[in-house]
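Residues per chain, in single letters:
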Amino acid sequence: LSLAITATLILYAVAMGIGMARLFRGPSAQDRVLAMDFVYVDDVARANVLALESTATDEMFNVASGKETSLLELLHALLRAIDRTDIAPEFGPERAVNAVRRRLADINKAERELGFRAQVSLEEGLRRLVAWRRGILARGQREAYEGAAA
């Protein structure tokens, strides 16, 4: 997950966790598909170690899950992770920030040459993200991390 996506997920989790607005910007599922290929940070770290340990030089590899997830599916998975399946998304106007509608990485080269395949599912990654965030709040460290989510 990129920093921007991670920050967005944290803000969603915080907002929904305390019952605030749940505005989902972008087209509804019936209109168009906005989708990305999400990968958990532990898998990214492992891919980097595999690359360092390999004999490959001057190569590029896609480090991803190889699975496409719509942003609406992502939102529903996050709702499950925070035990708030009672919340329905509200659709607002789409932002003109990103013209790329779908992202799905071809991970065959990374799998073939590095032995990399993502091991942490989206659902598990979100559970870990939520647990991390709840731990931050439980330890009273919210202020130390709010800058990352802003």
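Preceding this section is the structure that the text describes.
Only a predicted model underlies this, so the values are computations on that prediction, with no experimental measurement involved.

Focus: the overall build of the protein
- What the protein contains, in helices and strands, is six helices and four strands.
- Within the protein, the proportion of its 150 residues that are buried is 35%.
- Taking contacts inside the protein between residues at least 6 apart in sequence as the whole, the part at least 24 apart equals 86%.
- Summed over its atoms, the accessible surface of the protein is roughly 9,300 Å², and 54% of this surface lies on carbon and sulfur atoms.

So, the layout of surface pockets
- Considering only enclosed or pocket space, the second largest pocket measures out at about 250 Å³ in volume.
- Lining the second largest pocket are 16 residues, and of these F38, S65, V120, S121 and L122 sit closest to its centre.
- For the lining of the second largest pocket, the element with the most residues is helix 5 (residues 122–138), which contributes four residues.
- Residues that form the lining of the second largest pocket fall into these classes: nine nonpolar, five polar and two charged.

Overview of the packing of helix 3 (residues 71–81) against helix 5
- Running from N to C, helix 3 and helix 5 cross one another at 50 degrees; their axes reach a closest spacing of 9 Å. In this view, helix 3 runs oblique relative to helix 5, as classed from their interaxial angle. Once helix 3 is placed against helix 5, the crossing between them reads as right-handed. Across the interface between the two elements, L74, A77, L78, R80 and A81 of helix 3 pack against L122, E123, L126, R127, V130 and R134 of helix 5.

Structural notes on helix 5
- With 17 residues, helix 5 extends 24 Å between its outermost C-alpha atoms, agreeing within 8% with the 24 Å of an ideal straight helix rising 1.5 Å per residue.
- Looking at helix 5, one finds that the buried residues are G125, L126, L129, V130, R133, G135 and I136.

Brief notes about the packing of aromatic side chains
- Enumeration over the complete set of coordinates arrives at zero aromatic pairs.
- The side chain of K109 reaches across the aromatic face of F61, ending 5.1 Å from its centre.

What counts, and where the lines are drawn
Residues numbered from 1 in each chain as written. Predicted model: local features only at pLDDT ≥ 70, side-chain atom pairs only at ≥ 80, totals over all residues. Heavy atoms only, no water. Helix = DSSP H or I, 4+ residues; strand = E, 2+ residues; numbered from the N terminus. Buried < 20%, exposed > 50% of the residue type's maximum accessible area, 1.4 Å probe, protein only. Contact = heavy atoms within 4.5 Å. Areas by Shrake-Rupley, 256 points an atom, 1.4 Å probe, with all protein chains shown as cover. 1 Å grid on protein atoms, 1.4 Å probe; cavity = no way out; pocket = protein on both sides within 12 Å on 5 of 7 lines; lining within 4 Å. Points joined across faces, edges and corners; volume = space filled by probe spheres on them. Nonpolar A, V, L, I, M, F, W, Y, C, P; charged D, E, K, R; others polar. Axes fitted to C-alpha atoms, helices over the stretch in contact; angles between N-to-C directions. Parallel < 35°, antiparallel > 145°, perpendicular 65-115°, else oblique. Left-handed = near helix turned anticlockwise from the far one by under 90°. Expected span 1.5 Å × (residues − 1). Phe/Tyr/Trp six-rings, centres within 6.5 Å; stacked < 30°, edge-to-face > 60°. Lys NZ or Arg CZ within 6 Å of the ring centre and 35° of its normal.

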